[in-house]
Amino acid sequence: MGEVDPAFIQAEEHRPKLESTEAQGIPLIDLSDLSNDIVKKVGDACRDWGFFQVINHGVPLEKRDQIFKASREFFGQKLEDKNKVRRSEKEVMGYYDTEHTKNVRDWKEVFDFTMEIPTLFPSSHQVYNQWPPYPPQLREDCEEYGKEMERLGYLLMEVIAKSLGVKAERFHGFFKDQTSFIRLNHYPACPVPQLALGVGRHKDAGALTILAQDDVGGLQVKRKSDGVWVLVNPIPNSYIINVGDIIQVWSNERYESVEHRVKVNGEKERFSVPFFFNPSHYTMVQPLEEMTDEHNPAKYKPYNWGNFLATRKLSNFKKLDVDNIQISHFKISDLADK
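Please read these numbers as outputs of a predicted model, since none were measured by experiment.

Trainee: Quick rundown of the sheet that holds strand E9 (residues 208-213)? Include the residues and the values.
Mentor: Within the open sheet, the eight strands sit side by side as E1-E2-E12-E9-E14-E7-E4-E3. Their pairing is mixed. The open sheet terminates on both sides in strands that have one partner only, identified here as strand E1 (28-30) and strand E3 (94-97). Neighbour to neighbour, the strand axes of the sheet diverge by 25 degrees on average, direction disregarded. The strands that helix H1 (residues 36-48) touches are E1, strand E2 (51-55) and strand E12 (239-243); relative to E1, the one it contacts most, it runs at about 155 degrees.

Trainee: Provide a residue-level description of the confidence of the model for the protein, including the pertinent values.
Mentor: Overall, the prediction assigns the protein a mean pLDDT of 88, with 86% of residues at 70 or greater. Low confidence marks residues 4-23, where pLDDT is under 50. Its contacts with residues over four positions away, or in another chain, come to 52 contacts. Of the regions scoring below 50 in pLDDT, residues 316-320 engages in 13 contacts with residues more than four places distant in sequence or in other chains.

Trainee: I'd like a description of the packing of aromatic side chains, backed by residues and values.
Mentor: In the structure shown here, the tally under the stated rule is 19 aromatic pairs. A centroid spacing of 5.5 Å and a plane angle of 45 degrees characterise the contact between Phe 113 and Trp 131, whose relative ring orientation is tilted. Of the two residues, Phe 113 is situated in strand E4 (residues 109-114) and Trp 131 in the loop between strand E6 (125-127) and helix H4 (138-163); the sequence distance between them amounts to 18 residues. The pair Phe 113 / Trp 131 is uniform in exposure class, with both members buried. Ring-pair connections join several aromatic residues into one group, and the members of that group are Tyr 154, Phe 171, Phe 174, Phe 175, Trp 250, Phe 275 and Phe 277.

Trainee: Please set out the sheet that holds strand E13 (residues 260-262) residue by residue, giving values where relevant.
Mentor: Strand order in this open sheet of four strands is E8-E13-E10-E11, and the pairing throughout is antiparallel. For this open sheet the edge positions go to strand E8 (199-202) and strand E11 (229-231), each flanked by a neighbour on one side alone. On average, each strand axis in the sheet is inclined to that of its neighbour by 20 degrees, with strand direction left out of account. With three bridges connecting them, strand E10 (residues 219-222) and E11 associate as antiparallel partners.

Definitions and cut-offs
- Residues numbered from 1 in each chain as written.
- Predicted model: local features only at pLDDT ≥ 70, side-chain atom pairs only at ≥ 80, totals over all residues.
- Heavy atoms only, no water.
- Pairing = 2+ DSSP bridges.
- Helix = DSSP H or I, 4+ residues; strand = E, 2+ residues; numbered from the N terminus.
- Axes fitted to C-alpha atoms, helices over the stretch in contact; angles between N-to-C directions.
- Contact = heavy atoms within 4.5 Å.
- pLDDT = per-residue confidence, 0-100.
- Phe/Tyr/Trp six-rings, centres within 6.5 Å; stacked < 30°, edge-to-face > 60°.
- Buried < 20%, exposed > 50% of the residue type's maximum accessible area, 1.4 Å probe, protein only.

Put into structure tokens, the structure is as follows:
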């Protein structure tokens, strides 16, 4: 990615702080036995951390290895070759690097592909994937891996539903015509890691994120109990799961989306593959009826997920006159707002 440009240097409040710790990490949960005890552990993790790691999740190791191998081969090409599938305001899926993207300060390069073909957005807009000529097996590897992520996503949503005391299939209907996508991340070694971040602190806007990371690591989670940034140590063949903003709203804040960020490494490159499990564009996101009553009224006004997502996507290409849309914009601050 070349020399460090000032655009990559994070503002002071986004720079890594010294209070980061590797102690008391996020919960590790074995999915081989989906007993009531496991359901409770998942619920506790969602409530106390907004994050957890899973092992024995059922995703074949060879599928995971294939996606990382294909990712390394794709990002190992010359920029001119990767630019053949560069994303744009019209083609929102594909490649981009933050060195050539406006309003982005993250030290990384990315390749996005969507799950549903086409993925439907508001006003009948259809989103398709761009597949590069090299590596030749990238499309097949990505599509096969995507099926595994979708299966795991539904399983995790069932466990989360049961932890909330609702039917296991309660969330399934929201993911018909899903807008889910997968991102291949490459974080090159950064010559001044103390002045940059791979990804600045943020919360995920969707429902659930399932992350595979290599053995380099770098993901940090902001611990809810004290605000300390905790490094998530890589565990072989595990997945890191985090609650997104939509689950925060669906659960009426019983579970909360939590800030996280990625440190850059001064000597090693890093690869990760997040799967963003998102509902259909026509979904009206609001607290579940089961999560509200006269003593615990809805904390959010309904909002349309497709319009929300389209606004987020637009901000990748245009400097907006207002802050990026957040679920806080739909927060009910006074019962009179209802």
